[in-house]
Structures are given as C-alpha cells and as structure tokens.
Amino acid sequence: MESLIERAARDLLKSNHAIALTGAGMSPESGIRDFRGPNGIWTKDPEAEKRAYQTYHNFLRNPKEYWEGVLSGRSSLGNIQDAKPNPGHHALAELETIGILKAVLTQNIDALHEKAGNKRVLEYHGSVLKLRCPACGTRFKRNDYDLQGLMSAGQLPPRCNKCNSPIKGDVVHFNEPIPSDVAHESLEEAWKCDLMLICGTSAVVYPFAQLPRIARQRQVEQERKTESGLHFVKNESATTIIEVNAEPTPLTAEGISDYLIQGRTAEILPKIVETVKELSK
Ligand code: APR
Ligand code: ZN
C-alpha cells in the first residue's frame, strides 16, 4: 500500500492538470452514509432508492406537492447541512493550495469540499445549500427563500425571481438532466486533465461515470492527432487514472483506472499529500 501511495504522490507531482472526481465514499467520516456500500442508504433501504427515482417526475407533475413532501419529510441523508469536512476533504483542499489540484468534480451534495476550502468545485449533482430554477438555470441560496413561511401562507411552490417558473432544490434527482453549465465544464476538465484522482465512488451512476472513460479515451486520441503528418497510436495512455476506494469498482475491473489504492479516503488522501510534501522538499 505504501508504495502505491508514493506512486500516487509522484504521479501528482509530475502532472500538469490533475483533477479529483469524488463520491459518497468521501463523507462517511463526516457522518454521512454512502449509498451502495455495505451500510449504504440504498443498500439498507431499496424502497428509498425506488422512491428517489420518482422525485423529479413528482416535481414536474406537481411542484406544490413536491415541496410539501420536501418540507415535511426527513432527508434520507440525515442532517447533512451541519456536517464537517474530514481529513480526506482537507487533503484535497491542500492539494489545490499547493497548486497541483485544478478542480474537484463531485457527485456529493453536502458542500464539504467548499467547507474544506476547495475553490474550484463542480457540483455535478447539485448542492443541498442551493435552490435552482430548472427553466432558466438560475441558482439561489437556500435561505434566499422562507420556504416554511411560503408553506404556511399556502404560497408554494417558490418561484424564480427571474422568470417566475417554479423552482426546486439544486440537488439533481435521478432522470433529471445535469445542469448544462456543470455538465459542460466537467466534460472540459475530463478532456484536458492528465491525472484523474477518483475518490470514494462506485462509478455506476451515469453520466458522471462516463468522465473517467472519456479521460482515458480522449487523451490517447490527442496523441494520435498531434503528430502532424505522422499517424501513430501510442499504446500507453497519456492520462493517469488513480482510484482511492474501499473496494474495487467497474473502473478497476475494466482497467480504466491505472491502479486502485484500496482503503478509506480519510486515511489514504492525507498520506498521499504528506508524501507529496516530503518529495517536494
Ligand atoms: N473510503 C473510501 N471508500 C469508501 C468509503 C470510505 N470511507 N466509504 C464508502 N466507500 C466506497 C464504497 O465502497 C463505494 O464503492 O465509496 C463508494 C461509494 O459509492 P456509492 O455509495 O454508490 O456513492 P456514489 O458513487 O457517490 O453514488 C453516485 O448515486 O444515488 C446517487 O446521486 C447519488 O451522487 C450519488 C450517486
Ligand atoms: Zn427561472
């Protein structure tokens, strides 16, 4: 394990544009369960996952009812708004401060990367701290609206102050399109990165899970096109894809990642950053 940690630190130091892709496996040490691990929310309650597949449809069908459900029900994720970043989040923030990490693309809605200090965070599945207008894409801070007050006054759903359409939570539900701004920027990052550090995701939910495959594929294509006149295919990939995860994933099995450092993100990521600092002395 130690040699893989040192290998990751050396790969990060060699990189020009490293990005991190993160999932729910970043947050258990912050008290937020993952979805598909042994104690995951969907693992323990498959009915909750089935209901989650209906949420976006419910919003489109009846935004008022959607909001009554949101405001009266308990989130299956528990109270994530008060959660604190853990050493794994702080390690990725330090990697950005050192100048190595250029972006974090996260599936997590808990805003823990920003709380840890990362500046460039693409929230692929949105954030619990925000609201969004699906019609015009405008985002709002959650407390820009007195949602409970609107419910007691019988004035749900909250409406966009730009286009007056009903707004929803910023969190992207199953079957809901990824907001185009985040989708576009994430694709750009996957095209141009030369190192992808994938932390705490089962890599089974699309389109996010497509990003490592694009990074792998695209970089090899660029090699082929940049040789003016000479057309050759380089076998080795120009992108280093590293997984840090409690268990192997389809990315491991399909050889999309170069190597898996198996274990807990909150332990492994700080060790990688410590080694980066050691090697930079
Ligand atoms: N350290 C490292 N890996 C961990 C840890 C940990 N402390 N805890 C869990 N894991 C691993 C699990 O073994 C699993 O492989 O992290 C992965 C988490 O996978 P999921 O629970 O599927 O979470 P994620 O990949 O983020 O899910 C993607 O699915 O339900 C939707 O919108 C939701 O964004 C979420 C998306
Ligand atoms: Zn709007």
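Residues numbered from 1 in each chain as written. Chains lettered and ligands numbered in written order. Predicted model: local features only at pLDDT ≥ 70, side-chain atom pairs only at ≥ 80, totals over all residues. Heavy atoms only, no water.

> Please give an account of the pattern of salt bridges that cites residues and values.
One pass over the structure, following the stated rule, counts 21 salt bridges. Residue Lys 64 is joined to Glu 68 by a salt bridge in which the shortest nitrogen-to-oxygen separation is 2.7 Å. Taken together, the residues span about one helical turn, with Lys 64 and Glu 68 both in helix α5 (residues 63–72) at a distance of four residues. Judged by relative accessible area, Glu 68 falls into the partly exposed class, the value being 28%. Of the charged contacts in the structure, one is a salt bridge between Glu 123 and Lys 130, with a shortest N-O distance of 2.7 Å. In this structure, a network of salt bridges that share partners links the residues Arg 132, Arg 139, Lys 168, Asp 170, Glu 176 and Asp 181. (Salt bridge = Lys/Arg side-chain N within 4 Å of Asp/Glu carboxyl O. Helix = DSSP H or I, 4+ residues; strand = E, 2+ residues; numbered from the N terminus. Buried < 20%, exposed > 50% of the residue type's maximum accessible area, 1.4 Å probe, protein only.)

> Just give me the short version of the pairing of strand β8 (residues 240–245), but keep the residues and values in it.
Burial runs high along β8: five of the six residues are buried. By the bridge criterion, four bridges tie β8 to strand β9 (residues 259–262) in an arrangement that is parallel. Within the sheet, the bridge partner assigned to Glu 243 lies in β9 and is Leu 260. (Pairing = 2+ DSSP bridges.)

> An account of the coordination of the zinc ion (ligand 2) is requested, with residue identities and associated values reported.
Looking at the metal site, the zinc ion (ligand 2) is ligated by Cys 133 (SG), Cys 136 (SG), Cys 160 (SG) and Cys 163 (SG), spaced 2.2 to 2.4 Å from it. Relative to the metal, the four donor atoms surrounding the zinc ion (ligand 2) lie at angles of 102 to 122 degrees, and the coordination shape comes out tetrahedral. The sequence pattern formed by the donor residues of the zinc ion (ligand 2) is C-x2-C-x23-C-x2-C. Placement of the pair is Cys 133 in the loop between β4 (130–132) and β5 (139–141) and Cys 163 in the loop between α8 (147–152) and β6 (168–169), with a sequence separation of 30 residues. (Donors = N, O, S within 2.8 Å, 3.2 Å for Na, K, Ca; no water. Tetrahedral: all angles 85-135°; square planar, octahedral: opposite > 155°, others 65-115°.)

> Let's hear about the nonpolar core: which residues, and what values?
If you look at the biggest cluster of nonpolar residues, it comprises 26 residues, and the most contacted ones within it are Leu 12, Leu 92, Leu 95, Leu 197, Ile 261, Leu 269 and Ile 272. Going through the elements one at a time, α1 (2–14), β1 (18–22), α6 (87–98), β2 (101–106), β7 (195–199), β8, β9 and α12 (265–280) are the ones with two or more residues in this core. The dominant element in this core, judged by the number of residues it contributes, is α12, at five residues. Counting 21 residues, the second largest nonpolar core, distinct from the first, contains Ile 19, Tyr 124, Phe 208 and Leu 251. (Core = buried A, V, L, I, M, F, W, Y, C linked by side-chain atoms within 4.5 Å.)

> Give a description of the domain arrangement of the protein chain that names residues and reports values.
When cut into domains, the protein chain gives domain 1 (1–32 + 84–126 + 178–281) and domain 2 (42–76 + 130–169). The centre of domain 1, based on its C-alpha atoms, is set 31 Å off from the matching centre of domain 2. (Domains from an automatic or database assignment.)

> With reference to specific residues and values, describe the pairing of β7.
Burial analysis of β7 places five of its five residues in the buried class, the great majority of the element. The alternating pattern of β7 places Leu 195, Leu 197 and Cys 199 and Met 196 and Ile 198 on opposite faces, both of which are buried. Direction of pairing for β1 relative to β7: parallel, over a ladder of five bridges. If you follow Thr 22 over to β7, its bridge partner there is Cys 199. Note: β7 against β8, five bridges, orientation parallel. Across the sheet, Ile 198 pairs through a bridge with Glu 243, a residue of β8.

> Describe in detail α6, supporting the description with residues and values.
Because each turn of an α-helix spans 3.6 residues, side chains separated by three or four positions end up pointing in the same direction. Look at α6: 16 Å from first C-alpha to last across twelve residues, which is about the 16 Å you get at 1.5 Å a residue. Three or more residues of α6 are buried, namely Gly 88, His 89, Ala 91, Leu 92, Ala 93, Leu 95 and Glu 96. With a side-chain oxygen lying 2.7 Å from the backbone nitrogen of Gly 88, the N-terminal cap of α6 falls on Asn 86. A positive backbone phi angle near 100 degrees is found at Gly 99, which sits one or two residues after α6. (Expected span 1.5 Å × (residues − 1). Polar contact = N/O pair within 3.5 Å; in protein donor to acceptor, adjacent residues only side chain to side chain.)

> Please provide a residue-by-residue account of the site of ligand 1, values included.
Around ligand 1 sit 22 residues, and of these Ala 24, Phe 35, Arg 36, Thr 201 and Ser 202 come closest. Here an oxygen atom of ligand 1 sits 2.8 Å away from a polar atom, N or O, in the main chain of Ala 24. Residue Glu 247 places a side-chain N or O atom 2.8 Å away from an oxygen atom belonging to ligand 1. Compared with its free state, where it exposes 730 Å², ligand 1 has 94% of that area covered by protein. (Near = heavy atom within 4 Å. Areas by Shrake-Rupley, 256 points an atom, 1.4 Å probe, with all protein chains shown as cover.)

> I'd like a description of the packing of aromatic side chains, backed by residues and values.
Using the criterion set out here, one finds seven aromatic pairs in the structure. Ring plane angle 75 degrees and centroid distance 5.1 Å describe the contact between Phe 59 and Tyr 66, whose orientation is recorded as edge-to-face. Each member of the pair Phe 59 and Tyr 66 is classed as buried. Arranged with centres 5.1 Å apart and planes meeting at 70 degrees, the rings of Tyr 124 and Phe 208 form a pair that is edge-to-face. Of the two residues, Tyr 124 is situated in the loop between β3 (121–123) and β4 and Phe 208 in the loop between β7 and α10 (210–226); the sequence distance between them amounts to 84 residues. Connected via pairs of aromatic rings, a cluster forms that spans Phe 35, Trp 42, Tyr 53 and Phe 174. (Phe/Tyr/Trp six-rings, centres within 6.5 Å; stacked < 30°, edge-to-face > 60°.)

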